[in-house]
Number of protein chains: 2
Amino acid sequence: MKNKRNTSSYYIDGILEGDKFVLSKAITLVESSLKDDIQLSIRILRGVSSQAKSSKRIGITGVPGVGKSTFIESFGTYLIGQGKKIAVLAIDPSSNLSGGSILGDKTRMNSLSRNEQAFIRPSPTRNTLGGVTNHTRENILLCEAAGYDTIIVETVGVGQSETLVRGMVDFFLLLMLPGAGDDLQGIKKGIMEMADGILINKADGQNLQKAKQAMTDYKNALHLFSKASSGWSPQVKICSALENTGIEQAWGMIADHHQLMSENGSLDKLRKEQNLAWFKEQIAHTLIGHIFANDENLRARNQLEQEVLSGKLSPKEAIVQLTEQLFGQDSFKSQK
Amino acid sequence: MKNKRNTSSYYIDGILEGDKFVLSKAITLVESSLKDDIQLSIRILRGVSSQAKSSKRIGITGVPGVGKSTFIESFGTYLIGQGKKIAVLAIDPSSNLSGGSILGDKTRMNSLSRNEQAFIRPSPTRNTLGGVTNHTRENILLCEAAGYDTIIVETVGVGQSETLVRGMVDFFLLLMLPGAGDDLQGIKKGIMEMADGILINKADGQNLQKAKQAMTDYKNALHLFSKASSGWSPQVKICSALENTGIEQAWGMIADHHQLMSENGSLDKLRKEQNLAWFKEQIAHTLIGHIFANDENLRARNQLEQEVLSGKLSPKEAIVQLTEQLFGQDSFKSQK
């Protein structure tokens, strides 16, 4: 069984029919780094791409404890009630190859994971030498081809994965806790300014007033940032995923954004630019991955990094030494 | 004369004596990409590095019209009055090889540029294939060795050069105009969150009240961001470079920051991390520069970028094609 490969038609047909089992297998294939798998996955992606439905791609981030799972469960269930099909992909920089820790067990989103109209899948992130390798972009395309019209990409708001997610979604939603200005929020600098919307969760019980105050504070803060070229001004809303309040308003904000961006052409422009930016980034990662797959090159690099960190070598000296090691003594002649 | 090269001792001795002419020539050498110049400049940098005085490295940014030149003139003159020696380096991403447009003529900082205790120099930024090539880091070291104890690195607050500057200074100062929340401020998203301090300039005449209000607004906004690991909380001050008010307070904020960072070890840690980060970035730029110095590789890359942008190829397909072109058909085997 292991040696018998399914054809690209098997995958393409299965995905287009919305078969979750085939979709899962295709995602596994896309995440493989074996040459045959890459070639097959490219045929699959090409086969389904013309069929990809227009969908809403939503990134969701927030610190642990903000209630992301509960929110996605509540939000997803609401959307399914509106006739939508939801795919939840999670990027977890702390996970290893064997699976993601965010969504390693689906018990986190108990009711959503059992719903026929929902598809939940972690995207393990690998730290390769050239940076983060991630296939969530391709997974989005596969889910769209399988009929999922609302794609949620979830990440933890503490690392560098937010920039990754921001670069692959239309709308970037930041979940916050009531109690604005609290240092405990732990949101990394710069993340607030990437948000298209801020949603203050846990706006229930005695937190309601604090949440409303936080909403005002964040509105004032966002007002200081310059407007995006799309013409969209980031919004701030409150909700309680636990009590199922504010969910409709959260969706309304995302739908408004989608409508504005579709009508003025910004959505198409954004997605094309995201593709180009991703390609450019991947060039660097791929080249570096190739060059430092060589053990000798890798050792030289690690040694030089230590010498830079200890102050023994300046970065400039280290670069010259590394370049000479990789390309020979005359390497600087080729640089203009 | 052109063929007669000065020795590294000529440069090292001249710099350590604080000779501005020799310092200028050394900077020109550091900015050269000729092999002999690179080797000589490394000897010079090594020769002066043990002598480099501890200095304050200050990055200054703000949109055109915020009054950066007037502020630096006023600020620099104040510091010289305090017995300091000031070097002003400018990073201008819009400049070309022939010189920087920010400081192309020194008439911008008329009195400072004529002061014996000040050294003003633009750093042209080249857009190489792998990204921005910049030698300001090395220029900082040379200026420090020449006895300049306060290094100002200036940039325009509209591009990607701020991240570059943030990565080479101890204190990042954002100049703003009175009238907070005004979309016309045009500061790129994320820049406010990189600032160690915000200084609202032009707080004079009928702008004074608006400046004070802006100070309150920015303080509230900064309060929402999480604290830096150094323990420093960003400050907001007002000043009028024109009327020479608030200059001492601006310096006080920078001096406080320096003291805190020195005492708790954050400054040493920051500078080491900056060196390592720069080395890692330069690895990517250098490798890409080498590979795409080849015309055939460059054409292939440009062609693929067009196809990604037009939607004809997915980024993944484009990467596979480019990798095969660069490393041959079996290239994916070497990737783990």
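Use the structure listed above.
Definitions and limits used
Residues numbered from 1 in each chain as written. Chains lettered and ligands numbered in written order. Predicted model: local features only at pLDDT ≥ 70, side-chain atom pairs only at ≥ 80, totals over all residues. Heavy atoms only, no water. Axes fitted to C-alpha atoms, helices over the stretch in contact; angles between N-to-C directions. Helix = DSSP H or I, 4+ residues; strand = E, 2+ residues; numbered from the N terminus. Parallel < 35°, antiparallel > 145°, perpendicular 65-115°, else oblique. Left-handed = near helix turned anticlockwise from the far one by under 90°. Contact = heavy atoms within 4.5 Å. Nonpolar A, V, L, I, M, F, W, Y, C, P; charged D, E, K, R; others polar. Salt bridge = Lys/Arg side-chain N within 4 Å of Asp/Glu carboxyl O. Buried < 20%, exposed > 50% of the residue type's maximum accessible area, 1.4 Å probe, protein only. Phe/Tyr/Trp six-rings, centres within 6.5 Å; stacked < 30°, edge-to-face > 60°. Core = buried A, V, L, I, M, F, W, Y, C linked by side-chain atoms within 4.5 Å. Pairing = 2+ DSSP bridges.

1. What about the packing of helix α3 (residues 35-49) of chain A against helix α6 (residues 136-145) of chain A?
Residue and element names in this part refer to chain A. Interaxial distance between α3 and α6 falls to 10 Å at its minimum, and their mutual angle equals 45°. In terms of their interaxial angle, α3 and α6 are classed as oblique. Here α3 and α6 pass one another in a crossing that is left-handed. Residues I44, L45 and V48 of α3 lie in contact with α6, whose contacting residues are E138, L141, L142 and A145. Grouping the constituent residues of the contact of α3 with α6 by class yields six nonpolar, no polar and one charged.

2. With respect to the pattern of salt bridges
Residue and element names in this part refer to chain A. Across all of its chains, the model carries 20 salt bridges over all chains by this definition. Between D268 and K272 there is a salt bridge, with its nearest N and O atoms 3.5 Å apart. Here D268 and its partner K272 are both found in helix α10 (residues 266-291), four residues apart, which amounts to about one turn of the helix. Residue classification places D268 among the partly exposed positions, given a relative accessible area of 47%.

3. Describing the packing of aromatic side chains
Residue and element names in this part refer to chain A. A full pass over the atoms with the stated rule returns 10 aromatic pairs over all chains. Ring plane angle 70° and centroid distance 6.3 Å describe the contact between F171 and W232, whose orientation is recorded as edge-to-face. Of this pair, F171 sits in strand β7 (residues 171-176) while W232 sits in the loop between α8 (208-223) and β9 (235-238), and the two are 61 residues apart along the sequence. Take F171 and W232: they sit in the same class, and that class is buried. Grouped by ring-pair contacts, the aromatic residues F71, F75 and W251 constitute a single cluster.

4. Focus: the nonpolar core
A:L142, A:I198, A:I200, B:L142, B:I198 and B:I200 are the most contacted members of the largest nonpolar core, which totals 96 residues. In this structure A:L142 touches A:I15, A:L23, A:A26, A:I27, A:V30, A:I44, A:L45 and A:V48, once residues within four positions along its chain are discounted. Grouped together as the second largest cluster of nonpolar side chains are 30 residues, A:A284, A:L313, B:F279 and B:I288 included.

5. Digging into the pairing of β7(A)
Residues and elements named next belong to chain A. For β7, the tally of buried residues reaches six of six residues, placing the bulk of the element in the interior. Neither face of β7 is left uncovered, since the one carrying F171, L173 and L175 and the one carrying F172, L174 and M176 both have all their residues buried. Sheet topology places strand β1 (residues 56-62) next to β7; four bridges connect them, and they run parallel. The residue of β7 that forms the bridge with I58 is F171. Of the strand pairs in this sheet, β7 and strand β8 (residues 197-200) are connected by four bridges, and their pairing is parallel. In the strand pairing of β8, M176 is matched with I200.

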